[in-house]
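# Chains, contacts and geometry: an overview
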Amino acid sequence: MIDTHTHLYLTDDFGEDGADAVRRAVSAGVTHFIFPNVDVSTIEPMLTLHNQFPDITSIGAGLHPTEVKENWRSEMSKTLSLLDNPRCVAVGEVGIDLYWDKTFRAEQMLAFESQLIIARDKNLPVIIHCREGLPEVLEVFGRLGGNLPETIFHSFTMDVASVRDIRRHTDAWFGINGVVTFKNATQLRDAIPEIGLDRIILETDSPYLAPVPHRGKRNESAYLPAISACIAGVLGVTPEAVDIVTTANARKVFRL
Ligand SMILES: [Zn+2]
């Protein structure tokens, strides 16, 4: 089982406990971890935890949409210096987030477009954070005229119609996390069969979005089996089948 999106390195949330959180997850059956970057300040803690577990962790390079401000160009180029690291397996996380703040909508779209182009040129998949921003994401896809890198919609929580809208542009992968276990997440559970197991990858998005029965508490990668079990229930397959297929999917998209 691979946690394709986890921020165990965030010291505000994990302090010195990040390494133990990795060990707890390994005991729970997680075999590999992808650490997406957020901004310039997260580079150092991310590399520190990665270097403690170099064989079972990989990293992403990118500037998160909520961190896109006036100075986004210089911040973005600093975060993209991580692309030189041989264990960098993706551009991310990048995208559009208009949930918190719409001030930098145009800049978010430009930063997203730039980072998509870099991912395409480097032949790396792109980890997309999209919150209240699907029209903008699809507009940026349109600007690139269908010439896109491999796309991963991380923390996917949208409905069947959104899956179809995305697929008009790109044969995306969908990162499913603890939201799928939430009582009110009916539209997401309805979208799971539409996505199909062969395009799903597992993630926790730790420390956020802990699955039931840990909802509301700090999330960690050790809770990944709860997500796998929930998806198995929705699809009427065994958790082992979900583990096998989603692990193969993650290995393929991130070339692990
Ligand atoms: Zn994230």
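An account of the accompanying structure is given in this report. As the structure is a prediction and not an experimental result, all values here were calculated from the model. (Residues numbered from 1 in each chain as written. Predicted model: local features only at pLDDT ≥ 70, side-chain atom pairs only at ≥ 80, totals over all residues.)

This paragraph deals with the overall build of the protein. Scanning the protein from N- to C-terminus turns up 10 helices and 8 strands. In terms of overall dimensions, the protein is globule-like: its C-alpha atoms have a radius of gyration of 17 Å, near the 18 Å expected for 256 residues. Taken along its principal axes, the extent of the C-alpha atoms in the protein is 45 × 40 × 30 Å. If you take every contact in the protein between residues at least 6 apart in sequence, the share linking residues at least 24 apart comes to 74%. (Helix = DSSP H or I, 4+ residues; strand = E, 2+ residues; numbered from the N terminus. Rg over C-alpha atoms; globule rule 2.2 N^0.38 Å. Contact = placed C-beta atoms within 7 Å.)

All right, on to the sheet that holds strand β2 (residues 32-35) then. As summarised here, the arrangement of the 8 strands in space is β1-β2-β3-β4-β5-β6-β7-β8, forming an open sheet in which the pairing is parallel. Looking at strand neighbours, the two that pair on one side only are β1 (2-3) and β8 (200-202), the edges of this open sheet. When strand β5 (residues 126-131) meets strand β6 (residues 151-154), the two strands line up parallel, connected through 4 bridges. Paired with I127 across the strands is I152, a residue of β6. (Pairing = 2+ DSSP bridges.)

A separate point is the nonpolar core. One finds V126 and I152 to be the most contacted residues of the largest nonpolar core, which totals 68 residues. Those residues within four positions of V126 in sequence are excluded, and the remaining contacts are A90, V91, G92, V94, Q115, L116, A119, P149, T151 and I152. (Core = buried A, V, L, I, M, F, W, Y, C linked by C-beta atoms within 7 Å. Buried ≥ 20, exposed ≤ 12 C-beta atoms within 10 Å, placed from the backbone.)

Now for the environment of C230. Summarising the element assignment, C230 is placed in helix α9 (residues 224-235). Overall, C230 belongs to the buried group, with 23 C-beta atoms counted inside 10 Å. For the pair C230 and R255, spaced 25 residues apart in sequence, the C-alpha separation works out to 26 Å. Dropping the residues within four chain positions of it, C230 is found in contact with V180 and T181.

The contact between helix α5 (residues 105-122) and helix α6 (residues 134-143) brings their axes to 10 Å, and the two run at 45°. Taken together, the axes of α5 and α6 are oblique relative to one another. As α5 runs across α6, the sense of the crossing is right-handed. Mapping the contact onto sequence places R105, M109, F112, E113 and L116 in α5 and E136, V140 and R143 in α6. By residue class, the composition of the contact of α5 with α6 is 4 nonpolar, no polar and 4 charged. (Axes fitted to C-alpha atoms, helices over the stretch in contact; angles between N-to-C directions. Parallel < 35°, antiparallel > 145°, perpendicular 65-115°, else oblique. Left-handed = near helix turned anticlockwise from the far one by under 90°. Nonpolar A, V, L, I, M, F, W, Y, C, P; charged D, E, K, R; others polar.)

Cis geometry is found at the peptide bond from S206 to P207, where omega equals 10°. Looking at the element boundaries, P207 is found in the loop between β8 and α9. Not every positive phi belongs to a glycine, and R255 is a case in point at roughly 55°. Mapping R255 onto the fold places it in the segment after α10 (239-254).

Once that is clear, we can look at α6. Residues E136, V137, V140 and F141 constitute the buried set of α6. Seen along its axis, α6 keeps its buried residues to an arc of 145°; they face one direction. In α6, the exposed positions that point more than 90 degrees away from the buried face belong to P135 and G142. Of the residues trailing α6, G145 is marked for its positive phi of about 55°. (Arc of directions from axis to C-beta.)

Limitation: the analysis is restricted to geometry and does not speak to function.
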